[in-house]
Amino acid sequence: MDIKGKIYIETLMSSNGFRNLVIKLLKEYNLKISDYKIYLRADYSELNQ
């Protein structure tokens, strides 16, 4: 995830767990949740080996 070109996050969390963490962080910094979109990419590389 790239936030304003400065923060990148890579995680092995579930999609819902990651979403909940981001919501908590946005609320902590008084940022509007509706101003952000999160794009998740599935990584199936291990399945193709």
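Higher on the page you've got the structure.
Scope of this entry: the structure provided in the associated data block. Just so it is clear, the model here is predicted, and its values are computed rather than measured.

Structural notes on the overall build of the protein chain
Looking only at helices and strands, one finds 1 helix and 2 strands in the protein chain. Sequence-ordered secondary structure for the protein chain, helices as α and strands as β, is β-β-α. Within the protein chain, the fraction of its 49 residues that count as buried is 6%. Surface summary for the protein chain: the accessible area is close to 5,000 Å², and the carbon and sulfur share equals 52%.

Here's the deal with unusual backbone geometry
Of note, Asn 30 is a non-glycine position whose phi angle comes to about 55°, a positive value. If you trace the backbone, Asn 30 turns up in the segment after helix H1 (15–28). By relative accessible area, which is 71% here, Asn 30 ends up exposed.

Reading the values: the criteria
Residues numbered from 1 in each chain as written. Predicted model: local features only at pLDDT ≥ 70, side-chain atom pairs only at ≥ 80, totals over all residues. Heavy atoms only, no water. Helix = DSSP H or I, 4+ residues; strand = E, 2+ residues; numbered from the N terminus. Buried < 20%, exposed > 50% of the residue type's maximum accessible area, 1.4 Å probe, protein only. Areas by Shrake-Rupley, 256 points an atom, 1.4 Å probe, with all protein chains shown as cover.

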